[in-house]
Amino acid sequence: MGHILLYAIVPIFVIMALGYYSGKAGSFTGENARTLNKVVLNYALPAALFLSIVKANRQMLSVDVKLTIISFVVLIACFFLVYFVFRWFYKDSIAESAVSALISGSPTIGFLGFAVLQPIFGDSPSVGLVIAIISIEVNAIGIPIGLALINAGRQSKTPLAPGEKKPNPWMPVINALKEPVAWAPILAVVLVLCGLKWPAYLDPSFKLISGANASVAVFAAGITLSSVSIKINGQALMGSFLKLIIMPLSLLVVGIIFKMDPLNLKMLVLAGALPPAFSGIMIASKYNTYVATGTSSLAFSTLLFMGFCPLWLWITEMAIKMFHLA
């Protein structure tokens, strides 16, 4: 646990604190944070995901089929659980509930996945595969669903003008698949399935930009937190509860039921326990919807993650021994 705290958790909070201080000091603004996030989402993260997957082989991909199915079903279920909790219990609008689901119903796997999982489980293709699978599900499936719901909610308030065509409901999915963070890992999977060997001499070209992924993302998160007023209310607490407790617990229970590989189960549960998705805050800011409460939930969950990260790892290890998965 000491290793986890010193090598995975503390560095995140140190860099995030630097970003927060730089934002408060006026060195960077919320707009600067969005620019840094673009660097991560469009270049650093796709390079990191591509390089991690392309070093795998067909056998590793076949082993991870169970991981893919379980993570997809549970993450989508948690996404809609958050949506319906905020839609029915808090009486939020469709757009507000969709933003809540994008934030508290998705882990920030792209921004913190490598920063948390690599120090704990090592720099191996299996770590990259877990991060890539969840990233594809969050960015190529979860975000388009959220955007479709947001657009549906906005249209219900502003009906179409006479002669105006109804937007294509598949457009958010198509646009999401055009993003490098979605198609880069998919391309890597295709190359692996085709049996193509990745030449080692190309690694440095990808590692140079991919190395900026975790540090820049965490620094930008600190700037984002410094640019908004944080207010902890019932909705922020509920979002943190659904994200930090319900999601990893659901992944753990389903993983045990279907007897997942112990290492994959540990990584999957820890990935599910990551703070809410930073991309949800970016979308909230774009549509000016649920920004204050969503950011408060993100900030509160990020602080709680310092305790929940080692706690969920310990709980998972105990569960693996109890149910004889090892």
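In this text the structure is predicted, and so the values were computed from the model without any measurement.

(A) Geometry of the pattern of salt bridges. Counted according to the given criterion, the structure contains two salt bridges. One salt bridge connects arginine 34 with glutamate 31, and the closest N-O pair in it is separated by 2.9 Å. With a gap of three residues between them, arginine 34 and glutamate 31 both fall in helix H2 (residues 30-54), about one helical turn apart. Taking the relative accessible area as the measure of exposure, arginine 34 reaches 34% and is therefore partly exposed. Note that lysine 266 is salt-bridged to glutamate 317, the shortest N-O span being 3.8 Å. Here lysine 266 is found in helix H13 (residues 262-272), whereas its partner glutamate 317 is found in helix H15 (residues 291-322), with 51 residues between them in sequence. Owing to a relative accessible area of 22%, lysine 266 belongs among the partly exposed residues under this scheme.

(B) Local environment of the nonpolar core. Membership of the largest hydrophobic core comes to 88 residues, with the highest contact counts inside it found for Leu112, Val116, Phe121, Ile134, Ile150 and Leu265. Not counting chain neighbours up to four residues away, the residues in contact with phenylalanine 121 comprise Val127, Leu263, Lys266, Met267, Leu270 and Leu313.

(C) Just unusual backbone geometry, in detail. Non-glycine residue lysine 91 carries a positive phi angle of around 60 degrees. Along the chain, the position of lysine 91 falls in the loop between helix H4 (65-89) and helix H5 (94-104). For lysine 91, a relative accessible area of 68% translates into the label exposed. A positive phi angle, close to 55 degrees, is found at lysine 259, a residue other than glycine. In this fold, lysine 259 is placed in the loop between helix H12 (234-257) and H13.

(D) Focus on the side chain of serine 106. Examined against the element boundaries, serine 106 turns out to sit in the loop between H5 and helix H6 (109-121). For serine 106, the contacting residues outside a window of four places in its chain are Phe79, Ala101, Val138, Lys243, Met247, Pro275, Pro276 and Ala277.

(E) Representation of the environment of alanine 212 in the model. Here alanine 212 is to be found in helix H11 (residues 212-226). Judged by its relative accessible area of 22%, alanine 212 falls in the partly exposed class. With sequence-adjacent residues up to four places away left out, alanine 212 is seen in contact with Ala44 and Ala217.

(F) A look at the packing of H13 against H15. Two elements in contact, H13 and H15, have axes whose closest approach is 9 Å; the angle formed by their N-to-C orientations is 150 degrees. In terms of axis orientation, H13 runs roughly antiparallel to H15. Taken as a pair, H13 and H15 cross one another with a handedness that is right-handed. Here H13 contributes Pro262, Leu265, Lys266, Val269 and Leu270 to the contact with H15, which in turn contributes Cys309, Trp312, Leu313, Thr316, Glu317 and Ile320. Partitioned by chemical class, the residues of the contact of H13 with H15 number eight nonpolar, one polar and two charged.

(G) Region of interest: the packing of aromatic side chains. For the coordinates displayed, the defined rule picks out ten aromatic pairs. A ring pair is formed by phenylalanine 89 and tyrosine 90, whose centres lie 4.9 Å apart and whose planes are at 90 degrees; its orientation type is edge-to-face. By relative accessible area, tyrosine 90 is classed as partly exposed at 24%. An aromatic cluster is present here, built from Phe79, Phe80, Tyr83, Phe84 and Trp88 joined pairwise through their rings.

(H) View of the packing of H2 against helix H9 (residues 180-193). The contact between H2 and H9 brings their axes to 8 Å, and the two run at 15 degrees. Judged on the interaxial angle alone, H9 and H2 are roughly parallel. Pair H2 / H9 crosses with right-handed handedness. On the side of H2, the interface is formed by Leu41, Asn42, Leu45, Pro46, Leu49, Phe50, Ile53 and Val54, while H9 contributes Pro180, Val181, Ala184, Pro185, Leu187, Ala188, Val189, Leu191 and Val192. For the contact of H2 with H9, the residue count by class is 16 nonpolar, one polar and no charged.

(I) View of the confidence of the model for the protein chain. On average, the protein chain scores 83 in pLDDT, and the residues at 70 or more come to 90%. When pLDDT is averaged over each helix and strand of the protein chain, the minimum, 69, is found for helix H3 (residues 58-63) and the maximum, 94, for H12.

(J) Looking closely at H13. Counting buried residues in H13 gives nine out of eleven residues, a clear majority hidden from the surface. Among all positions of H13, only Pro262, Asn264, Leu265, Met267, Leu268, Val269, Leu270, Ala271 and Gly272 are buried. The backbone nitrogen of leucine 263 has a side-chain oxygen 3.2 Å away, supplied by the residue at the start of H13, namely aspartate 261.

Conventions used here
Residues numbered from 1 in each chain as written. Predicted model: local features only at pLDDT ≥ 70, side-chain atom pairs only at ≥ 80, totals over all residues. Heavy atoms only, no water. Salt bridge = Lys/Arg side-chain N within 4 Å of Asp/Glu carboxyl O. Helix = DSSP H or I, 4+ residues; strand = E, 2+ residues; numbered from the N terminus. Buried < 20%, exposed > 50% of the residue type's maximum accessible area, 1.4 Å probe, protein only. Core = buried A, V, L, I, M, F, W, Y, C linked by side-chain atoms within 4.5 Å. Contact = heavy atoms within 4.5 Å. Axes fitted to C-alpha atoms, helices over the stretch in contact; angles between N-to-C directions. Parallel < 35°, antiparallel > 145°, perpendicular 65-115°, else oblique. Left-handed = near helix turned anticlockwise from the far one by under 90°. Nonpolar A, V, L, I, M, F, W, Y, C, P; charged D, E, K, R; others polar. Phe/Tyr/Trp six-rings, centres within 6.5 Å; stacked < 30°, edge-to-face > 60°. pLDDT = per-residue confidence, 0-100. Polar contact = N/O pair within 3.5 Å; in protein donor to acceptor, adjacent residues only side chain to side chain.

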